[in-house]
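Geometric and topological summary
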Amino acid sequence: MTSRGIRKPARRTPPPAPAAKAPARLPLARGGSRGLSTEAVHERIWNAIVEHSLPPETRLVESELCDIFGLGRTRLRQVLQQLAHEHVVTLQRNRGATVARPTPGEAREVFAARRILEGGIVQTLLGRSARQGLRRLHEHLLLEEDAWRTGDRRAMLKLSGEFHLRIAELAGNAILLGLLRDLISRSSLIIAVYQSPTMRPCPPDAHRELIGLLEQGSPAAVDAMVHHIDHVVADLRLEDRRASGIDLRTIFTRSEHVP
Ligand SMILES: [Zn+2]
């Protein structure tokens, strides 16, 4: 089974639009891309990256995206700025927006930094009493398992990153949490770009094992976290993937027709 992003509920063909006159855009309108919210467009772009439809350095041409999604330029820019804040998109004065391109070297550095930081976060958390918070991690795990069951890669990526942030929150150090937030955001793009679409981000099993060790207050939780991060890196195909001949319209209209 291929992984094609968010599975949409089956939808009947909508009734024909009343007398709306938009002949030039009719094919896209039928695909359902137009008139999306900024959140939905953000999600669509992220999904296209996670599904490997948009490789790094793909140009995200504003006018084209405005047309495809039926968004005004101001709202599209809000989406692009949010993606830039998440390190997913690079904004350049003369070149506009492109999908960010973490190099394999940067990818290794990000995960090396996470190894050090998250080992320390777990160590810090072991010194605190956070039983109630740890119980809440089980609830988060249920969401991750749901995403695994449905094969929703974007949700898996988002939830697995959030799991690591929850642990940092419980450790109670706002500086460590802020540093990790940045690294998780970068990691999400790295995993989206460099992980084979047939592989999956953080397995819930690894997270369950971590919760168990944290509940026991076991120092082995530090090593478990470090090994977990090593496994995530080992699953990446850290090689150059470059954009060539990507047509945004094909990407975004095609993904609408996935059953
Ligand atoms: Zn994880």
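Summarised in this report is the structure supplied together with it.

1. Observations concerning the overall build of the chain
Looking only at helices and strands, the chain features 11 helices and 3 strands. For the chain, the α and β elements follow one another from N to C terminus as α-α-β-α-α-β-β-α-α-α-α-α-α-α. The burial tally for the chain puts 31% of its 259 residues in the buried class. Long-range pairs, those at least 24 residues apart, make up 78% of the contacts in the chain between residues at least 6 apart in sequence.

2. Re the nonpolar core
Nonpolar side chains tend to gather and get buried jointly when the protein is soluble and globular. Ranked by internal contacts, the top residues of the largest apolar core, which has 55 residues, are Ile49, Val89 and Ile167. Each of two domains, domain 1 (29-102 + 241-256) and domain 2 (104-234), supplies a minimum of three residues to this core. In this structure isoleucine 49 touches Leu54, Val88, Val99 and Ala192, once residues within four positions along its chain are discounted.

3. Overview of the sheet that holds strand β2 (residues 89-92)
Strand order across the open sheet formed by 3 strands is β1-β3-β2, with antiparallel pairing between neighbours. Bordering the open sheet on either side are β1 (59-60) and β2, each of which pairs with just one other strand.

4. Comments concerning unusual backbone geometry
The backbone of glutamate 57 sits at a positive phi, close to 75°, despite the residue not being glycine. Within the secondary structure, glutamate 57 sits in the loop between α2 (38-50) and β1. Since 15 C-beta atoms lie within 10 Å of it, glutamate 57 is described here as partly exposed. Unlike most non-glycine residues, histidine 87 shows phi in positive territory, near 70°.

5. Side note on helix α4 (residues 73-85)
Across its 13 residues, α4 extends 18 Å between first and last C-alpha, which sits within 8% of the 18 Å expected from 1.5 Å per residue. Of the surrounding elements, those touching the buried residues of α4 are α2, β1, α3 (62-69), β2 and β3 (96-99). Positive backbone phi, approximately 70°, marks histidine 87, located one or two places after α4.

6. Focus on the pairing of β2
The two faces of the sheet receive side chains in turn, since in a regular strand these alternate between them. Pairing between β2 and β3: 4 bridges, direction antiparallel. The residue bridging threonine 90 from the neighbouring strand is threonine 98, located in β3. Counting the residues between successive antiparallel strands, the hairpin from β2 to β3 contains 3 residues.

7. Things to note about the packing of helix α9 (residues 204-216) against helix α10 (residues 220-234)
For the pair α9 and α10, interaxial distance at closest approach is 9 Å and the crossing angle is 165°. Our classification of the angle between α9 and α10 gives roughly antiparallel. Considering only the axes of α9 and α10, their crossing is left-handed. Here Ala206, Glu209, Leu210, Leu213 and Leu214 of α9 come into contact with α10, specifically with Ala220, Ala221, Ala224, Met225, His228 and His231. Grouping the constituent residues of the contact of α9 with α10 by class yields 8 nonpolar, 2 polar and 1 charged.

Conventions used here
Residues numbered from 1 in each chain as written. Predicted model: local features only at pLDDT ≥ 70, side-chain atom pairs only at ≥ 80, totals over all residues. Helix = DSSP H or I, 4+ residues; strand = E, 2+ residues; numbered from the N terminus. Buried ≥ 20, exposed ≤ 12 C-beta atoms within 10 Å, placed from the backbone. Contact = placed C-beta atoms within 7 Å. Core = buried A, V, L, I, M, F, W, Y, C linked by C-beta atoms within 7 Å. Domains from an automatic or database assignment. Pairing = 2+ DSSP bridges. Expected span 1.5 Å × (residues − 1). Axes fitted to C-alpha atoms, helices over the stretch in contact; angles between N-to-C directions. Parallel < 35°, antiparallel > 145°, perpendicular 65-115°, else oblique. Left-handed = near helix turned anticlockwise from the far one by under 90°. Nonpolar A, V, L, I, M, F, W, Y, C, P; charged D, E, K, R; others polar.

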